[in-house]
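# Geometric and topological summary
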Amino acid sequence: MPITRRSIYAAQPSTQRARPAHLSTDPSGERLAYASGKSVFLRSIDDPSLATQYTGHTSTTNVARFSPSGYYIASGDSSGVVRVWDAAGPAMATKGEFGIISGPINDIAWDGESKRLIAVGNGKERFGHCVTSDTGNSVGEILGHSSAINSVSIRQSRPYRAATASDDHNVVFFHGAPFKYNKTLASHHSNFVQGVAFSPDGEHFVSVGTDRKIILYDGKTGDFKAEIAYGDAAHRGGIYSVSWSKDSKRFVTASADQTVKVWDLHSEKNSHTWRPGPEGTSVPDHQVGVVWTPRADNAIISLSLSGDLNYLDLNSDRPKRVITGHQTCIGAMKVTGETKTLFTGGVDGKTCGWNLTKGTADPLDGAGHTNSVCGFSPQDEGRLASIGLDDFIRLIDVGAKVFIGTNHHCDAQPKGFTWLTLKGEQFLVTATEKAILLGKVTTKLKVNEVLQQSYTPTHTSGCRDKGVFAVGATDQTIHIYGAYEEGPGEQRIREEKVLKDAQATPTCLSYSPSGKYLAVGFSSGKIILYDVDEDYAIKTTRWSFHTARVASIIWNAEETHVVSGSLDTNIYIYSVATPGKNQSVKNAHMGGVTAVDWEGSDGIVSTGADGTIKRWEVKPE
């Protein structure tokens, strides 16, 4: 089964409260570049489901900038390394890797010839440096600041000028190239300066800061020109980002007051305001980044603290489109029934429903999880159960993509759950750190049976129609249970068998759809296949190609193959008939694969620590 990638649904940009987040577009305005986790994503603006992922960094990335030519990207990470790489070809080959400072890179700027770049941040010996983009040779010093530099911008036409904005409340002006200190523009800001940007024509540059001020300067001399303040139209919170229109007549600012504002250069007045979030105080809707694309439609894209990308139109007061998704590791995933809706849960508690065809996500409405989502289990075509580290079991309406009122708070942390059918009625089995619960779900979970256990569970899987389920334990055992009805309305569970074949902790269990097989993945990366009909005799131990903890195992509908994902970043498809053969995807997800699932008989879906969702096509051999 050769495996080829169909698509990547990118993670959302990484953000921090009270810190700027930088967005960049290519010269044609077709693609958006941003940093997320240890990756950099290039994403189509017209169709956000089309994306490419650069994984060359080994530390958390903070910024990515297109070169003026559009052929290269310069990206910086928290270790002080800047990497320059090809943005035009599919290989995304690295052109150069340069250690700039001994601390995080906060921003990068290219010169108009795409030959030089300035990288700034928070180093121990210096706060920035200017180098050539091909060899990394020094072509200037960034001096004049006494604290971390948050933003840098270079005048795109000769004579070259540069400006930097810092936590020391100052803006520093440089002449170049090579770039040398010219003067400090002090006393204009009274708090952290978060953003600075030259106009495309080079006649002006503007700085913005936490003090809510917008300061305009001459682009050639660096002289102060004006402070833009417009009464009630002024921002009510710190300003974190600024970007110019391609005609240099207007610029846009993004603020913690949850608004994005357009300012006219000539009149020095606010001409348009958007509020992407709801009225009232909403921290996730703080606007921490913005870019004015060079497109003919003058599209503006702002970034919310929640990671949402807001497409803004000058002809509307509301966002034209909002792109949402996950910023962090996705811990759980499930493709549901015939609707082929994909549900994902993040370690931050965020749960999304995805249209797999369009690659778009909707955050679920209702009272969701407040901590990491650990798993999903479908009750039927219309409902899906979820568990999280907030110790809650919650139910989801699949069609409406909403949490419904049914939920149950466990007395201990749930480690896994599965559905069973007894005499036509559905029951939910949940293994917690303290006990195993058997309950019927109506308007709430009614617990019919509580079975105490002496071990700590790791994962659970069941065969719905046979009324059996298995629980993995940290003591390297696997416990097999059966559910039965003792009397009318009296459902019970009992332990039927203990498997002690493991030499490592079982981390993932999966019954085949008919219950004929049980596949168990271990912390060592090994998978053992048991034949249930033969009293759990071992059928094969040859599924042993993973080198780290197995995070997910899912059977196909025909029970001929399983797909598995592991923290070793790889995906394997194993065959029951020919256990020595396998197909694999190496380095499928940076940081590890956390969940996999089948999408029909010819496709699989995976997700991982990089916050992405990837669809793969599986072709018969």
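Everything numeric here is computed off the predicted structure, so don't read it as measured data.

### Focus: the sheet that holds strand β22 (residues 239–244)
Ordered by their spatial adjacency, four strands build an open sheet running β22-β23-β24-β25, and the pairing between neighbours is antiparallel. Edge positions in the open sheet fall to β22 and β25 (269–274), since each of these has one partner strand only. Ignoring which end each strand starts from, the neighbouring axes of this sheet average 25° apart.

### Notes on unusual backbone geometry
Put simply, Arg158 and Pro159 share a cis peptide bond, and its omega is 0°. Tracing the backbone shows Pro159 in the loop between β14 (149–154) and β15 (161–166). Look at the link from Ala177 to Pro178: it is a cis peptide, with omega at -5°. By secondary structure assignment, the location of Pro178 is in the loop between β16 (171–175) and β17 (180–185). Phi angles above zero are rare outside glycine, and Asp535 is one such case at about 55°. Along the chain, the position of Asp535 falls in the loop between β48 (527–531) and β49 (537–543).

### Brief notes about the UniProt feature "repeat: WD" (unreviewed entry) in the chain
Sites flagged by UniProt as "repeat: WD" (unreviewed entry) map to residues 54–86, 186–227, 232–273, 543–584 and 586–621. The annotated region residues 54–86 carries 0% helix and 58% strand content, and the separation between its end C-alpha atoms amounts to 10 Å.

### Some words on the domain arrangement of the chain
Domain boundaries assigned for the chain yield domain 1 (3–230) and domain 2 (404–618). Using only C-alpha atoms to locate each centre, domain 1 and domain 2 end up separated by 46 Å. For the domain 1 and domain 2 pair, buried surface summed over both sides reaches about 1400 Å², with 56% attributable to carbon and sulfur atoms. When the buried area of domain 1 at its contact with domain 2 is split by residue, Ile3, Arg6 and Tyr9 rank highest and sum to 55% of it. Inspection of the domain 1/domain 2 interface yields two salt bridges.

### Digging into the layout of surface pockets
Size it by volume and the second largest pocket reaches roughly 900 Å³. Taken together, 38 residues make up the lining of the second largest pocket; nearest its centre are Ser24, Arg65, Gln156, Phe198 and Ser243. Contributions of two or more residues to the lining of the second largest pocket are made by β2 (24–25), β6 (61–66), β10 (105–110), β14, β18 (193–198), β22 and β26 (287–292). Among the elements that make up the lining of the second largest pocket, the one with the highest residue count is β22 (five residues). Taken together, the residues that form the lining of the second largest pocket break down as 20 nonpolar, 13 polar and five charged.

### A word on the pairing of β26
In terms of residue burial, β26 counts as a mostly covered element, since six of its six residues are buried. As paired strands, β26 and strand β27 (residues 300–304) are joined by five bridges and run antiparallel to one another. Across the sheet, residue Val291 finds its bridge partner in β27, namely Ile301.

### What about empty space enclosed by the protein?
For the structure shown, the criterion picks out one cavity of 30 Å³ or more. Along its surface, the largest cavity is lined by Ile393, Arg394, Leu395, Thr406, Asn407, His408, Leu428, Val441 and Leu445. Mapped by element, the contributors of at least two residues to the lining of the largest cavity are β36 (392–397) and β37 (402–409). Classifying every residue of the lining of the largest cavity gives five nonpolar, three polar and one charged.

### Observations concerning the sheet that holds strand β34 (residues 373–378)
Across the sheet, four strands lie side by side as β34-β35-β36-β37; this open sheet has antiparallel pairing. Since the sheet does not close on itself, it has two edges, and those belong to β34 and β37, each with one partner. Averaged over all pairs of adjacent strands, the angle between strand axes in this sheet comes to 25°, irrespective of strand direction. Pairing of β36 with β37 involves five bridges; the strand directions are antiparallel. Of the residues in β37, the one forming a bridge with Arg394 is Asn407.

### What about the environment of Ser514?
On the secondary structure map, Ser514 appears in the loop between β46 (506–511) and β47 (517–522). Between the alpha carbons of Ser514 and Glu558 there is a distance of 9.4 Å; along the sequence they are 44 residues apart. Excluding residues within four positions of it along the chain, Ser514 makes contact with Cys463, Lys466 and Glu559. Of note is the side chain of Ser514, whose polar atom sits 3.4 Å from the backbone nitrogen of Lys516.

### Quick word on the packing of aromatic side chains
One pass over the structure, following the stated rule, counts 14 aromatic pairs. Here the aromatic rings of Tyr54 and Trp85 are separated by 4.0 Å at their centres, their planes lie at 5°, and the arrangement is stacked. Of the two residues, Tyr54 is situated in strand β5 (residues 51–54) and Trp85 in strand β8 (residues 81–86); the sequence distance between them amounts to 31 residues. Of the residues examined, Tyr54 reaches a relative accessible area of 3% and is grouped as buried.

### Quick look at the side chain of Ser386
Considering the arrangement of structural elements, one finds Ser386 in strand β35 (residues 383–388). Residue Ser386 is classed as buried on the basis of its relative accessible area of 0%. Side-chain polar atoms of Ser386 contact the side chain of His369, separated by 2.7 Å. In this view, Ser386 contacts His369, Gly375, Phe376, Phe392, Ile393, Arg394, Ile396, Phe403 and Phe417; residues no more than four positions away in its chain are not counted.

Thresholds, definitions, all that
- Residues numbered from 1 in each chain as written.
- Predicted model: local features only at pLDDT ≥ 70, side-chain atom pairs only at ≥ 80, totals over all residues.
- Heavy atoms only, no water.
- Pairing = 2+ DSSP bridges.
- Helix = DSSP H or I, 4+ residues; strand = E, 2+ residues; numbered from the N terminus.
- Axes fitted to C-alpha atoms, helices over the stretch in contact; angles between N-to-C directions.
- UniProt positions renumbered as here; feature names shortened; annotations may be inferred.
- Domains from an automatic or database assignment.
- Buried area = accessible area lost by both parts, 1.4 Å probe.
- Salt bridge = Lys/Arg side-chain N within 4 Å of Asp/Glu carboxyl O.
- 1 Å grid on protein atoms, 1.4 Å probe; cavity = no way out; pocket = protein on both sides within 12 Å on 5 of 7 lines; lining within 4 Å.
- Points joined across faces, edges and corners; volume = space filled by probe spheres on them.
- Nonpolar A, V, L, I, M, F, W, Y, C, P; charged D, E, K, R; others polar.
- Buried < 20%, exposed > 50% of the residue type's maximum accessible area, 1.4 Å probe, protein only.
- Contact = heavy atoms within 4.5 Å.
- Polar contact = N/O pair within 3.5 Å; in protein donor to acceptor, adjacent residues only side chain to side chain.
- Phe/Tyr/Trp six-rings, centres within 6.5 Å; stacked < 30°, edge-to-face > 60°.

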